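Chains, contacts and geometry: an overview
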Amino acid sequence: MTFQLQHTDPYSSARAGLITTDHGPIQTPIFMPVGTCGSVKGVHFSELRHEVGAQIILGNTYHLYLRPGLDILRKAGGLHKFNTWDKPILTDSGGFQVFSLTGIRKLREEGCEFRSHIDGSKHIFTPENVIDTQRVIGADIIMALDECPPGESDYQYAKRSLGLTQRWLERCVKRYRETEPLYGHHQQLFPIVQGCKYRDLRTEAAKYVADILPTLGGGGASIGGLAVGEPTEVMYEMIEVVNAILPTDRPRYLMGVGTPQNILEAIERGVDMFDCVMPTRNGRNAMLFTYHGTMNMRNKKWEADFTPIDPDGCDIDRLHTKAYLHHLFKAQELLALQIASIHNLAFYLRLVRDARAHIISGDFSQWKRSVIDDLGRRL
């Protein structure tokens, strides 16, 4: 994997770049649709390619490990062949999902012991077997195992957690170097910067990751543990702290964030890659994102609105009316979930494409100021 920094905004830290993987290029800034179990909920891969314009999608190590399981994925030849997505894939390490299993997981130096949310069976993720699992999945970009502490963690817990994450990272890097990809394409390991909401811990973590990156070839760094309960202003502050330290010639991935406003603010602070379940999850709950604000398609105001869902959006937005989508949601038709998910993902990809275009033209900061307030309106 390689990264080429192509343009920087003269008035901010916003960047436009190009990531090249064995499964194709990725223009940054980029939003990555979340395909937790090997599929993006409610959206077919042909729609991801042609309507949404996705360049890369995510898979989730925790969920794929449990179902369909490593034996099936290995026999299939990896996730790319199993789900027929021929563009890049990124997998997380499962750390966040395990963090979410409070009450049915135990952390210790060896790794994280947990019980399956499916059948209650007992499992353990270690730095070593998480690398092995992601080798079997076959993603182009893979993550190191980390602990994601809650946003309200006190300083002592956050410090202990960061120490564990750093020791796990050393073991992940060792296993990564000892093993080879299984399916003939390169896999790139990304370390994860943790440290909760504490400036000194984030600084320590970013320096630690920056020192390791040259040993990993052409990889980048992930920023984890944000948007987990801390105030938005703190998230932005931590992004600035971390990106002031991470090398400029490597991509930076902000994990699990967020709203369109969050994404533009993070781009302005030098982030290149994003993922979040919000576009599809909110879409399934009838909330649509647009440049003019958000629309709740169950509201009666759309009942007789025969204008396109979004005249500037994707083909499906221009094909269907607000009234029709309102009807589908009221009638609980599955097509409503599909249309809304496609719309939201297409909007997120449009947002980062527009951001990229304005970075290249040199007026990103002015454009961002002109659109960001409207993004948060309720229509």
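That block above? That's the structure.
What comes next is a walk through the structure. Quick caveat, the model's predicted, so the values are computed rather than measured.

Some thoughts on the overall build of the chain
Counting secondary structure elements, the chain contains 15 helices and 17 strands. Taken over C-alpha atoms, the radius of gyration comes to 20 Å for the chain, in line with the 21 Å a tight globule of 379 residues would show. Judged by the C-alpha coordinates and their principal axes, the chain covers about 60 × 50 × 40 Å. A total of 379 residues make up the chain; the buried ones form 59% of that total. Restricting the contact set of the chain to residue pairs at least 6 apart, pairs at least 24 apart contribute 69%. Split by element, the accessible area of the chain, about 15300 Å² in all, is 51% carbon and sulfur. Distance between charge centres in the chain, computed from 43 positive and 44 negative side chains, equals 3 Å.

Section: the sheet that holds strand β10 (residues 141–143)
Read from one edge to the other, the open sheet built from four strands follows the order β5-β6-β10-β11, with strand pairing classed as parallel. Strand pairing shows two members of the sheet lacking a second neighbour, β5 (57–60) and β11 (188–190), which therefore form its edges. For this sheet, the mean angle separating the axes of adjacent strands, direction not counted, is 25°.

Considering the pairing of strand β1 (residues 2–8)
In this structure, β1 lies alongside strand β2 (residues 15–21), joined through six bridges in antiparallel fashion. What sits directly across from L5, in β2, is G17. What sits between the antiparallel neighbours β1 and β2 is a turn of six residues.

Quick notes on the packing of aromatic side chains
Considering all chains together, one arrives at eleven aromatic pairs under this definition. An angle of 50° between the planes, with centres 6.0 Å apart, marks the rings of F364 and W367 as tilted. Of this pair, F364 and W367 both sit in helix α15 (residues 364–375), three residues apart, which is roughly one turn of the helix. The burial state of F364 is the same as that of W367; both residues are buried. Feature note: the residues F31, F289, Y291, F347, Y348, F364 and W367 constitute an aromatic cluster, connected by ring pairs.

Let's talk about the nonpolar core
Of all hydrophobic cores here, the largest spans 117 residues; its most connected members are L48 and I267. Apart from residues no more than four positions distant in its own chain, L48 is found in contact with P33, V40, V43, G53, A54, I57, W85 and L345.

Observations concerning unusual backbone geometry
Going from T28 to P29, the amide bond is cis rather than trans, its omega being 5°. Mapping P29 onto the fold places it in the loop between β3 (24–28) and β4 (30–32). Between V257 and the following residue, G258, the backbone shows a cis peptide bond with an omega angle of 5°. Turning to its location among the elements, G258 is positioned in the loop between β14 (252–254) and α10 (260–268). Notably, C196 is not glycine yet its phi reads approximately 60°, a positive angle. Checked against the element boundaries, C196 lands in the loop between β12 (192–193) and α8 (199–212). Note on C196: relative accessible area 3%, which makes it buried. Look at A227: it is not a glycine, yet its phi comes out positive at around 60°.

Remarks on the state of the cysteines
Throughout the structure, instances matching the rule amount to zero disulfides. Cysteine C196 remains unbridged, with the sulfur of C148 as its closest cysteine sulfur at 8.5 Å. Free cysteine: C314, not disulfide-bonded; nearest cysteine sulfur from C276 at 19 Å.

Focus on the pairing of β5
The two faces of β5 match: I57 and G59 on one face and L58 and N60 on the other face are all buried. In terms of strand pairing, β5 meets strand β6 (residues 89–92) through four bridges, oriented parallel. Bridged to G59 within β6 is T91.

Comments concerning the side chain of D317
Topologically, D317 is positioned in helix α12 (residues 315–319). Comment: no salt bridge for buried D317; closest opposite-charge side chain is R350, at 6.1 Å.

Examining the packing of helix α7 (residues 155–178) against α8
One can describe the packing of α7 onto α8 by two numbers: an axis separation of 10 Å at closest approach and a directional angle of 5°. On the basis of their axis angle, the class for α7 and α8 is roughly parallel. Along the contact surface, α7 presents Y155, A158, K159, L162, Q166, L169, E170 and V173, while α8 presents D200, L201, E204, A205, Y208, V209 and I212.

Regarding the sheet that holds strand β9 (residues 122–125)
The pairing of strands in a sheet happens through backbone hydrogen bonds and is either parallel or antiparallel. In spatial order, the strands read β7-β8-β9; together these three strands make up an open sheet with antiparallel pairing. Of all strands in the sheet, those bounded by a partner on one side alone are β7 (105–107) and β9. Averaged over all neighbouring strand pairs, the angle between strand axes comes to 15°, with direction disregarded.

So, α7
When the terminal C-alpha atoms of α7 are compared, their 35 Å separation across 24 residues agrees well with the 34 Å that a helix rising 1.5 Å per residue should span. All of the buried residues along α7 are A158, S161, L162, G163, L164, T165, Q166, W168, L169, C172, V173 and Y176. Its side-chain oxygen at 3.3 Å from the backbone nitrogen of Q156, D154 defines the N-terminal cap of α7.

Conventions used here
- Residues numbered from 1 in each chain as written.
- Predicted model: local features only at pLDDT ≥ 70, side-chain atom pairs only at ≥ 80, totals over all residues.
- Heavy atoms only, no water.
- Helix = DSSP H or I, 4+ residues; strand = E, 2+ residues; numbered from the N terminus.
- Rg over C-alpha atoms; globule rule 2.2 N^0.38 Å.
- Buried < 20%, exposed > 50% of the residue type's maximum accessible area, 1.4 Å probe, protein only.
- Contact = heavy atoms within 4.5 Å.
- Areas by Shrake-Rupley, 256 points an atom, 1.4 Å probe, with all protein chains shown as cover.
- Lys, Arg positive; Asp, Glu negative; His and termini not counted.
- Charge placed at Lys NZ, Arg CZ, Asp CG, Glu CD.
- Pairing = 2+ DSSP bridges.
- Axes fitted to C-alpha atoms, helices over the stretch in contact; angles between N-to-C directions.
- Phe/Tyr/Trp six-rings, centres within 6.5 Å; stacked < 30°, edge-to-face > 60°.
- Core = buried A, V, L, I, M, F, W, Y, C linked by side-chain atoms within 4.5 Å.
- Disulfide = S-S within 2.5 Å.
- Salt bridge = Lys/Arg side-chain N within 4 Å of Asp/Glu carboxyl O.
- Parallel < 35°, antiparallel > 145°, perpendicular 65-115°, else oblique.
- Expected span 1.5 Å × (residues − 1).
- Polar contact = N/O pair within 3.5 Å; in protein donor to acceptor, adjacent residues only side chain to side chain.

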